[in-house]
Amino acid sequence: MLQFKDLTRDQAKELLFQETPSEILDRYNEPYPLEQEKIDYYLENGFIILKNVLDGETLRHARQVIQAAVLLRKEHDERKLKEKSAYEQSFLQCGYLCWDYPALKNFVFGKRFAGIARDLMNVDHARLWHDQALFKEPGGRSTDVHQDSSYWPVDKPELTTTMWLALNSVPVHKGSLYFYPQTHKPEMREYVDIFKNPHLPKHLKNKKPVESSLEPGDATFHTGLTFHGAGANQSQEYREGMTVIYIADGVKFDATDDRNATHTSCNGLEDGQIIDTQYTPRLT
Ligand SMILES: O=C(O)CCC(=O)C(=O)O
């Protein structure tokens, strides 16, 4: 059964509905110094690794509330790793946490993270697409290589970006992400069914990905088109990752691929409409 040190179910519930201390809120909203060369690197390669996106007490608080949310979401799942589907063995996936838990809303709506996303995408405003915690269990299998945009009904996948924040240390052997540089090109798009039938696209077979090895508080950002995956968790600890996914303001709902047309964030939209729903607020 899922357990985090010193965190009971009652404490988890309390934490998630408690007011976030003002110093922590301020830090979630403080700009991150992002040099132009980092933006240029991201635009050229389709991903970037950033140091110290969070630190100190703010990181400790964020980790605790995210652990609390994962604990409550998964408390009734008593299956052992080997009883789960191959997809579920890659990570415990807990999405849309910000809509259930006020403490998570404060984190997910943070302008620090959204500001980085906006600047990397090189646009005026960023909207929330969705959030998800992705914890890899000890012994959890690798995450198959894919492009996120394969699963998202958006007309401009290059104007989407995922922040993957390490809540604890995530070295390569704990299942850190790796990225195939310069694969965020429309001509390289290829649907990979990571739920049922994963494959490595042919054009990646001779390419070498760039590994990330993250300290707590470091984060990666990658575009919705960038091919990426993650290794297995060969450690005895959970790999604790939290993601927030952004779209540029003005991106439209593309319902032409019916594999994706029911995405929660697009509830009520017609094909071709600008994505502006109760679930996709403008954050910057
Ligand atoms: O956390 C993982 O193992 C995979 C994450 C991922 O694919 C993503 O955030 O786009």
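Before reading further, recall that the structure is shown in the block above.
Notes on the structure follow. Small disclaimer: the values here were computed from a predicted structure and weren't measured.

**Focus: the packing of helix α1 (residues 9-17) against helix α4 (residues 56-74)**
Here α1 crosses α4 at 120 degrees, and the two axes come no closer than 9 Å. One element, α1, and the other, α4, form an angle in the oblique class. The crossing of α1 and α4 is left-handed. Contact residues: α1 offers Arg 9, Ala 12, Lys 13, Leu 15 and Leu 16, while α4 offers Gln 64, Val 65, Ala 68, Ala 69, Leu 71 and Leu 72. Taken together, the residues of the contact of α1 with α4 break down into eight nonpolar, one polar and two charged.

**Concerning the nonpolar core**
Ranked by size, the top nonpolar core spans 85 residues in total, and within it Ile 66, Phe 107, Met 163 and Phe 221 carry the most contacts. A per-element tally of this core places α4 first, with nine residues. If near-sequence neighbours (up to four positions away) are discounted, Met 163 is found in contact with Val 53, Phe 107, Phe 113, Ala 219, Thr 220, Phe 221, Met 242, Thr 243, Val 244 and Tyr 246.

**Focus on the sheet that holds strand β7 (residues 210-211)**
Sheets are built from strands paired through backbone hydrogen bonds, the pairs being either parallel or antiparallel. Strand order in the open sheet formed by four strands is β4-β9-β6-β7, and the pairing between neighbours is antiparallel. The open sheet terminates on both sides in strands that have one partner only, identified here as β4 (143-146) and β7. Across three bridges, the pairing between strand β6 (residues 177-179) and strand β9 (residues 228-230) is antiparallel. Its bridge partner lying in β9, Leu 177 is registered against Ala 230.

**Topic: the packing of helix α3 (residues 36-45) against helix α6 (residues 111-121)**
Between α3 and α6, the least distance of the axes is 8 Å, while the angle of their chain directions is 65 degrees. For α3 against α6, the interelement crossing comes out right-handed. Contacts from Lys 38, Ile 39, Tyr 42 and Leu 43 of α3 reach α6 at Asp 119, Leu 120 and Met 121. Residues belonging to the contact of α3 with α6 are distributed by class as follows: five nonpolar, no polar and two charged.

Quick notes on the rules
- Residues numbered from 1 in each chain as written.
- Predicted model: local features only at pLDDT ≥ 70, side-chain atom pairs only at ≥ 80, totals over all residues.
- Heavy atoms only, no water.
- Axes fitted to C-alpha atoms, helices over the stretch in contact; angles between N-to-C directions.
- Helix = DSSP H or I, 4+ residues; strand = E, 2+ residues; numbered from the N terminus.
- Parallel < 35°, antiparallel > 145°, perpendicular 65-115°, else oblique.
- Left-handed = near helix turned anticlockwise from the far one by under 90°.
- Contact = heavy atoms within 4.5 Å.
- Nonpolar A, V, L, I, M, F, W, Y, C, P; charged D, E, K, R; others polar.
- Core = buried A, V, L, I, M, F, W, Y, C linked by side-chain atoms within 4.5 Å.
- Buried < 20%, exposed > 50% of the residue type's maximum accessible area, 1.4 Å probe, protein only.
- Pairing = 2+ DSSP bridges.

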